[in-house]
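Summary of the model geometry
Spelled out, the chains give:
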Amino acid sequence: MLIFNNKAGLTKVLSDYRNVKTTIGFVPTMGALHAGHLSLLERSVRENGVTVISIFVNPTQFNNPEDLEKYPRTLEADVEKIKTVSDDIIVFAPTVNEMYDGNTISAHFSFDGLENQMEGAFRPGHFDGVGTIVKKLFEIVQPANAYFGEKDFQQLQIVKKLVEKEKLPVHVVGCPITREENGLAMSSRNQRLSTGEKDAAAFIYQTLKEARQRFENESPAEVTAYVYDAFAARPEFTMDYFEIAAEDDLKPATVKENRKYRAFVAVFLSNVRLIDNISLN
Ligand code: PAF
């Protein structure tokens, strides 16, 4: 398996692939890989001649220094997991200096307002950090197809907007959320939950499913009130937000129109921040 921690080595190998017209698939990650990441890799391997995965905990997208410090870093275990999908996957695991050349700051982006909703409102600067690193990675890897999970649905929409605005020749592929048996959306942050907390976290998806059921007959405001009450009755959770929003512009829904809607939630369970979402129609 090829593992690079510098751009030069990776770009040389990828230019050889490009010369023989091999399609490059790309899965950007921050490591601490789980079955959700592996499903993205499997899809990329199926749909492309060669697949690259990046493993890089990007400092500029963390608005909370403690979250950055505690983010799991498990490169060796990650590599073993990648091998279970294919030995031919190329791993790019750069240092911060390699990616930022001693200047670890974000560029500033406008994503037509997508960046001001939900995660953007609660995590100032987060999407500037995501935009900065994804653009850098796309420029290095130059993939034909890049795979992102729908758990970070707002991020997926923002990456699509980045590609459109910056005219990057990349097809962004959104992939369904992978869940634990109890419904908890897979996330690298789940590693920081105890077994008891993981059991408790099943409540998040149960509540989203109940919200979807109620959305058939109730208004967005009624469903939202139900969800806030449901979490208020569970003191182990602290809510950042619950929101019903249109999928395209992510603006909060006030009335129901002929559009695609999703429910989005962000909660703390002990001090771990968990997000999830569900399609409503
Ligand atoms: O979703 C993630 O893991 C990160 O936000 C990403 C897309 C790899 C950028 O650092």
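Let me begin by describing the structure that accompanies this report. Since this is a predicted model, take the numbers as computed values, not measurements.

Reading the values: rules and limits
- Residues numbered from 1 in each chain as written.
- Predicted model: local features only at pLDDT ≥ 70, side-chain atom pairs only at ≥ 80, totals over all residues.
- Heavy atoms only, no water.
- Pairing = 2+ DSSP bridges.
- Helix = DSSP H or I, 4+ residues; strand = E, 2+ residues; numbered from the N terminus.
- Axes fitted to C-alpha atoms, helices over the stretch in contact; angles between N-to-C directions.
- Phe/Tyr/Trp six-rings, centres within 6.5 Å; stacked < 30°, edge-to-face > 60°.
- Buried < 20%, exposed > 50% of the residue type's maximum accessible area, 1.4 Å probe, protein only.
- Near = heavy atom within 4 Å.
- Polar contact = N/O pair within 3.5 Å; in protein donor to acceptor, adjacent residues only side chain to side chain.
- Areas by Shrake-Rupley, 256 points an atom, 1.4 Å probe, with all protein chains shown as cover.
- 1 Å grid on protein atoms, 1.4 Å probe; cavity = no way out; pocket = protein on both sides within 12 Å on 5 of 7 lines; lining within 4 Å.
- Sits in = over half its atoms within 2 Å of the grid points.
- Nonpolar A, V, L, I, M, F, W, Y, C, P; charged D, E, K, R; others polar.
- Expected span 1.5 Å × (residues − 1).
- Contact = heavy atoms within 4.5 Å.

This part takes up the sheet that holds strand 8 (residues 261-269). Pairing is antiparallel across the open sheet formed by 3 strands, whose spatial order is 7-8-9. A strand with exactly one partner marks an edge of an open sheet, and here the two such strands are strand 7 (237-246) and strand 9 (272-279). In this sheet, neighbouring strand axes are inclined to one another by 15° on average, regardless of whether the strands run parallel or antiparallel. Examined bridge by bridge, strand 8 and strand 9 share 8 bridges and lie antiparallel to one another. Residue Val-267 lies in a different strand from strand 9, and its bridge partner there is Leu-274.

With that settled, the discussion passes to the packing of aromatic side chains. Summed over all chains, the structure comprises 11 aromatic pairs. Geometrically, the ring pair formed by Phe-109 and Phe-111 is stacked, given 5.3 Å between the ring centres and 15° between the ring planes. By relative accessible area, Phe-111 is classed as buried at 1%. With centroids separated by 5.1 Å and ring planes inclined at 80°, the aromatic side chains of Phe-203 and Phe-231 adopt a geometry described as edge-to-face. Taken together, the residues span a long stretch of sequence, with Phe-203 in helix 9 (residues 195-215) and Phe-231 in helix 10 (residues 220-232) at a distance of 28 residues. Note on accessibility: Phe-203 and Phe-231 belong to one class, buried.

A separate point is unusual backbone geometry. Here Lys-167, not a glycine, exhibits a phi torsion of approximately 55°, which is positive. For Lys-167, the position within the fold is in the loop between helix 8 (153-165) and strand 6 (171-175). Positive phi values are uncommon outside glycine, yet Ser-270 reaches one of about 45°. Note that Ser-270 resides in the loop between strand 8 and strand 9.

The full set of residues close to the ligand is Pro-28, Thr-29, Met-30, Asn-58, Gln-61, Ile-133, Phe-148 and Gln-155. Residue Gln-155 places a side-chain N or O atom 2.6 Å away from an oxygen atom belonging to the ligand. If the ligand stood free it would expose 290 Å²; the protein chains cover 89% of that surface. Among the detected pockets, the ligand sits in the largest cavity. Of the residues contributing to the shell around the ligand, the split by class is 4 nonpolar, 4 polar and no charged.

Here we come to helix 9. The terminal C-alpha atoms of helix 9, which comprises 21 residues, lie 32 Å apart, in line with the 30 Å expected from a rise of 1.5 Å per residue. Among all positions in helix 9, only Ala-200, Ala-201, Ala-202, Phe-203, Ile-204, Tyr-205, Thr-207, Leu-208, Ala-211 and Phe-215 are buried. Turning to helix 9, the residues buried within the fold contact helix 10, strand 7, strand 8 and strand 9.

With that settled, the discussion passes to the side chain of Ser-187. Inspection of the secondary structure puts Ser-187 in the loop between strand 6 and helix 9. If near-sequence neighbours (up to four positions away) are discounted, Ser-187 is found in contact with His-34 and Lys-151.

This part is about the environment of Asn-258. With respect to the secondary-structure elements, Asn-258 resides in the loop between strand 7 and strand 8. Put simply, Asn-258 and Gly-25 are 233 residues apart on the chain and 34 Å apart in space, counted from C-alpha to C-alpha.

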